[in-house]
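Below are the chains, spelled out letter by letter.
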There are 2 protein chains.
Amino acid sequence: MQKTLVRKLFERVQGKGFSVQYWDGTTDRFGRGTPRFKLILRDPAVLPRVLKEPELGFGEAYMEGRVEVEGDLRELVRTAIEYRNALGESRKALFALKAAQMLPWRNSPARQKKDVQYHYDIGNEFYSLWLDETMSYSCAYFKSPNDSLHQAQLQKVDHTLRKLQLKPGHTLLDIGSGWGWLIVRAAQQHGVRALGITLSEQQVAETRKRIADLGLTGQVEAELMDYRTLADSGRTFDRVVSVGMFEHVGRANLPVYMAAVAKMLKPGGLSLLHTITHMTEDPVNPWIEKYIFPGGYIPSLRETIWLLPEYDFHVLDVESLRLHYAMTLERWAENYDRNYTRVVEQFGERFARMWRLYLHSCAASFRVSGLDIHQILFSKGLNNDLPLTRQHLYD
Amino acid sequence: MQKTLVRKLFERVQGKGFSVQYWDGTTDRFGRGTPRFKLILRDPAVLPRVLKEPELGFGEAYMEGRVEVEGDLRELVRTAIEYRNALGESRKALFALKAAQMLPWRNSPARQKKDVQYHYDIGNEFYSLWLDETMSYSCAYFKSPNDSLHQAQLQKVDHTLRKLQLKPGHTLLDIGSGWGWLIVRAAQQHGVRALGITLSEQQVAETRKRIADLGLTGQVEAELMDYRTLADSGRTFDRVVSVGMFEHVGRANLPVYMAAVAKMLKPGGLSLLHTITHMTEDPVNPWIEKYIFPGGYIPSLRETIWLLPEYDFHVLDVESLRLHYAMTLERWAENYDRNYTRVVEQFGERFARMWRLYLHSCAASFRVSGLDIHQILFSKGLNNDLPLTRQHLYD
């Protein structure tokens with residue numbers, strides 16, 4: 001009976017071939033051509049759970065080892081996304097209904113801190129197993145597919161800083177400054193005074209250590225602080241940047257974030273917002289919301305752009321880095337898999353499987369779903385003293 | 001009594017100085033410093049009219065010579081914009097109430113043709129008095145402020161075509177192809193097959209002549225056709241571009257335009273939309289709507305971006321060319337003023353004054369109001385075969 005359900009479900013798959021191995025050891029093949037991966041269903045009870053709540057059900061079953069994937073995990077995710085996209089509108093509506101309803105909630109500073117610490121305070125040791133040496137945990141910028149991840153992360157910082165058109169003496173704020181690479185680089189390369197804020201204690205400690213080691217004390221600061229607290233302080237900046245932070249503020253706080261930037265940015269100042277984007281206003285994937293990013297919300301590009309004029313923000317430049325994030329995640333996933341046994345030793349099998357699924361499924365999503373990432377550069381009010389062209393980004 | 005009203009109105013002006021000369025020859029000075037222009041009020045009846053409907057009233061009074069401006073006309077427009085921006089919110093609301101209400105109307109193909117011909121069929125001879133040799137009637141692209149207008153118009157075409165990432169054999173559609181420079185250049189430089197459509201008979205005739213002269217018959221076509229008619233024909237293209245045409249479709253037709261592009265663009269194809277934008281959804285300036293662009297509507301950037309996901313359009317690149325349009329209009333206005341007596345001879349004083357006001361006020365608006373222009377590049381569905389960076393635009 002359960003096997004029949006699997007067959008009914010998968011016989012519509014038009015894409016690349018794969019096989020399914022059932023709990024009793026028997027197998028079926030679906031799709032076209034040589035199987036690219038094998039989906040192992042260890043337990044017939046998995047199926048109704050996954051059908052009821054696809055993302056959460058599959059994610060948990062994978063974490064618990066009740067489903068296993070042999071071969072390329074990304075291929076499974078791609079197949080699932082293409083399968084979902086190929087479903088008729090009525091079936092999509094059904095899926096959407098089943099998915100958790102998105103309710104705009106407001107992340108309080110206390111909740112935000114807890115959420116961010118859940119994610120980032122797993123430990124620098126964990127992240128250093130698969131991030132590059134800069135510990136940059138956001139989309140890199142590849143000038144060529146042959147660039148190393150490390151090189152591409154350095155290039156990302158430089159590309160971002162060039163967009164900001166920094167001048168010596170400028171003040172720069174980095175909201176969600178991570179391990180502090182961007183603020184340090186901005187001070188070294190552009191002679192600015194930089195402040196980075198983050199809600200992760202480990203990130204602040206690591207950043208302060210780097211600032212001291214490099215002799216940048218006084219010129220660069222790192223503070224454990226919520227962006228709303230800083231906005232209330234009345235401090236202002238020539239430039240405000242945030243890289244991979246906007247996804248954490250929660251939907252109801254998108255305008256709160258913008259209002260805070262409006263308060264902190266000087267007239268004519270520039271701000272760069274680097275954020276993952278959805279095409280439309282979609283609910284958070286319930287598995288990712290529960291296990292990876294509690295409190296997060298991926299904004300649509302259009303709802304983000306829609307807010308800007310309310311704060312007299314003028315759009316100067318928008319760039320999609322979608323394939324860059326696919327490549328970044330592919331590198332992370334490869335690093336992760338290479339260190340997989342160490343993750344298992346330190347954090348246990350369930351945690352290790354959870355992150356493995358997360359990294360591989362995100363990598364696939366950036367290639368084949370509408371998941372995107374954009375850098376949005378805007379000025380507060382008009383600024384008539386900017387370079388005429390974007391040539392300076394490419395010299 | 002009328003003079004008192006003028007004094008009450010202008011004594012709040014904080015900006016650069018100017019003088020007002022009244023109907024009786026007396027003058028007053030306002031603002032700070034040496035007067036930058038003199039506003040001559042020839043008739044006390046002008047004042048209540050301008051107060052009731054500022055844009056329309058001033059525009060008509062200027063056309064009729066009942067007000068005159070000595071000195072820099074752009075400075076007057078800048079002063080007016082800055083004055084309006086400095087008014088409190090309550091006064092702005094009053095201004096907005098007075099301004100014509102914007103009702104989304106639907107431009108029928110017949111109405112659209114009439115409107116476009118009203119504007120563009122004034123005669124090539126008229127436009128050739130102040131456009132550059134390419135007869136490009138849209139924002140140029142200046143690599144340096146010293147570039148000539150002609151050079152900047154050539155650069156605009158090349159910059160736009162580079163964004164489209166054309167390959168030999170590609171099919172390209174230009175909606176609103178003007179005098180045909182872009183399609184000819186695309187064929188010559190990139191080996192594509194190009195079709196340009198426009199609703200102006202004179203533009204089609206001129207373009208066909210150029211195609212024949214350059215031996216491009218067969219490879220490049222120009223047709224007198226509405227974009228909706230072409231979309232209904234089922235013909236599809238690898239690339240679709242429109243430069244300065246979207247402003248003519250009317251607000252209710254913004255989605256109609258998008259749906260037409262979605263029909264005509266092949267999966268994975270790219271489209272570039274080059275359009276003047278407002279910050280928010282503002283009514284058309286009633287003077288411009290009545291005398292210059294009947295049927296037009298300047299979309300906001302955000303309402304344009306909002307539509308894209310509805311047609312599975314993915315945003316790749318957005319660039320503001322605001323200062324480029326200010327510079328373009330400044331060059332046009334200078335050319336126009338140089339040939340002013342010829343315009344008067346051919347079209348009469350009223351028409352000549354109307355266009356003079358239009359060109360100078362647009363030039364000022366791009367510098368000091370929120371009026372902007374954006375090039376928006378998007379793909380239909382996902383395209384994973386694009387260059388990683390925008391470096392190719394700047395080589």
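Look above for the structure.
The paragraphs below set out a description of the structure included in this document. (Residues numbered from 1 in each chain as written. Chains lettered and ligands numbered in written order. Predicted model: local features only at pLDDT ≥ 70, side-chain atom pairs only at ≥ 80, totals over all residues.)

**Considering the environment of P267 of chain A**
All names here are of chain A.
Moving on, step 1. You can see P267 is positioned in strand β9 (residues 265-277).
Moving on, step 2. Take P267: there are 11 C-beta atoms within 10 Å of it, and that puts it in the exposed class.
Moving on, step 3. P267 sits 112 residues away from S379 along the chain, and the two C-alpha atoms are 8.2 Å apart.
Moving on, step 4. If near-sequence neighbours (up to four positions away) are discounted, P267 is found in contact with K380 and G381. (Helix = DSSP H or I, 4+ residues; strand = E, 2+ residues; numbered from the N terminus. Buried ≥ 20, exposed ≤ 12 C-beta atoms within 10 Å, placed from the backbone. Contact = placed C-beta atoms within 7 Å.)

**Quick word on the sheet that holds strand β4 (residues 67-71) of chain B**
All names here are of chain B.
Moving on, step 1. Strand order in the open sheet formed by four strands is β2-β1-β3-β4, and the pairing between neighbours is mixed. Single-partner strands in this sheet number two, and they are β2 (27-30) and β4. Taken over all neighbouring pairs, the strand axes of this sheet differ in orientation by 20° on average, direction set aside.
Moving on, step 2. Here strand β3 (residues 37-41) runs beside β4; their pairing, made up of five bridges, is antiparallel. Bridge assignment links K38 to a residue of β4, and that residue is E70. (Pairing = 2+ DSSP bridges. Axes fitted to C-alpha atoms, helices over the stretch in contact; angles between N-to-C directions.)

**Regarding the nonpolar core**
Moving on, step 1. Counting residues in each nonpolar core, the largest one holds 98 residues, and the members touching the most others are L172 and V315 of chain A together with L172 and V315 of chain B.
Moving on, step 2. Non-local contacts of V315 of chain A, meaning those with residues more than four positions away in its chain, are made with I305, L308, I376 and F378 of chain A together with L301, V318 and S320 of chain B.
Moving on, step 3. In this structure, M63, C139, Y336 and L359 of chain A belong to the second largest nonpolar core, which totals 51 residues. (Core = buried A, V, L, I, M, F, W, Y, C linked by C-beta atoms within 7 Å.)

**Observations concerning the interface of chain A and chain B**
Moving on, step 1. In this assembly, 26 residues from chain A lie in contact with 26 residues from chain B.
Moving on, step 2. Of all the elements in the fold, those that place two or more residues in the side of chain A that touches chain B are α14 (301-307), β10 (313-320) and α15 (322-338) of chain A.
Moving on, step 3. Ranked by residues supplied to the side of chain A that touches chain B, first place goes to β10 of chain A with seven residues.
Moving on, step 4. A breakdown of the residues in the side of chain A that touches chain B according to their chemical character gives 12 nonpolar, eight polar and six charged.
Moving on, step 5. Bridging between β10 of chain A and strand β10 (residues 313-320) of chain B involves three bridges; their strand directions are antiparallel. From the neighbouring strand, D317 of chain A faces β10 of chain B, where its bridge partner is E319 of chain B. (Nonpolar A, V, L, I, M, F, W, Y, C, P; charged D, E, K, R; others polar.)

**What to know about the relation of the copies chain A and chain B**
Moving on, step 1. With an RMSD of 0.0 Å, chain A superimposes on chain B once it is rotated by 180° and translated 0.0 Å along the axis. Here the transformation between the copies is reduced to the relation of a two-fold axis. Identified as the residue of chain A closest to the rotation axis by C-alpha distance is V318 of chain A, at 2.4 Å. (Least-squares fit on C-alpha atoms with pLDDT ≥ 70 in both.)

**A word on unusual backbone geometry**
Moving on, step 1. One non-glycine residue, Q165 of chain A, adopts positive backbone phi at about 50°.
Moving on, step 2. Counting through the fold element by element, Q165 of chain A comes out in the loop between α8 (149-164) and β5 (171-175).
Moving on, step 3. You can call Q165 of chain A partly exposed: it has 19 C-beta atoms within 10 Å.
Moving on, step 4. Even without a glycine there, the phi angle at D312 of chain B is positive, about 60°.
Moving on, step 5. Secondary-structure assignment places D312 of chain B in the loop between α14 (301-307) and β10.
Moving on, step 6. Owing to 15 C-beta atoms within 10 Å, D312 of chain B belongs among the partly exposed residues under this scheme.

**Focus on helix α12 (residues 254-264) of chain A**
Moving on, step 1. Those residues of α12 of chain A that fall on the buried side of the exposure criterion are Y257, M258, A260, V261 and M264 of chain A. An end-on view of α12 of chain A places all buried positions within 160° of arc, on one side of the element. (Arc of directions from axis to C-beta.)

**Here's the deal with the packing of helix α8 (residues 149-164) of chain B against helix α9 (residues 181-190) of chain B**
Residues and elements named next belong to chain B.
Moving on, step 1. One can describe the packing of α8 onto α9 by two numbers: an axis separation of 10 Å at closest approach and a directional angle of 60°. Considering their axes alone, α8 and α9 lie oblique with respect to each other. The handedness of the crossing between α8 and α9 is right-handed. In contact with V157, T160 and L161 of α8, α9 contributes W181, L182, R185, A186, Q189 and H190.
Moving on, step 2. In terms of residue class, the contact of α8 with α9 is made up of five nonpolar, three polar and one charged. (Parallel < 35°, antiparallel > 145°, perpendicular 65-115°, else oblique. Left-handed = near helix turned anticlockwise from the far one by under 90°.)

**Overview of the pairing of strand β11 (residues 372-380) of chain A**
All names here are of chain A.
Moving on, step 1. The element β11 is extensively covered by neighbouring structure, given that nine of its nine residues are classed as buried.
Moving on, step 2. By the alternation rule, side chains of β11 split into D372, H374, I376, F378 and K380 and I373, Q375, L377 and S379, which are all buried.
Moving on, step 3. Strand direction decides the pairing type here: β9 and β11, joined by eight bridges, are antiparallel. Paired with L273 across the strands is I376, a residue of β11.
Moving on, step 4. Bridging between β10 and β11 involves seven bridges; their strand directions are antiparallel. Residue S320 lies in a different strand from β11, and its bridge partner there is H374.

**Structural notes on the environment of G25 of chain B**
Moving on, step 1. The topology assignment puts G25 of chain B in the loop between β1 (18-21) and β2.
Moving on, step 2. Considered as a pair, G25 of chain B and R42 of chain B are 17 residues apart in the sequence and their alpha carbons are 8.9 Å apart.

**Concerning the sheet that holds strand β2 (residues 27-30) of chain A**
Residues and elements named next belong to chain A.
Moving on, step 1. On the basis of which strands lie adjacent, the open sheet formed by four strands has the order β2-β1-β3-β4 and mixed pairing. Edge strands, defined here as strands with exactly one partner in the open sheet, are β2 and β4 (67-71). With strand direction ignored, the average angle separating the axes of adjacent strands in the sheet is 20°.

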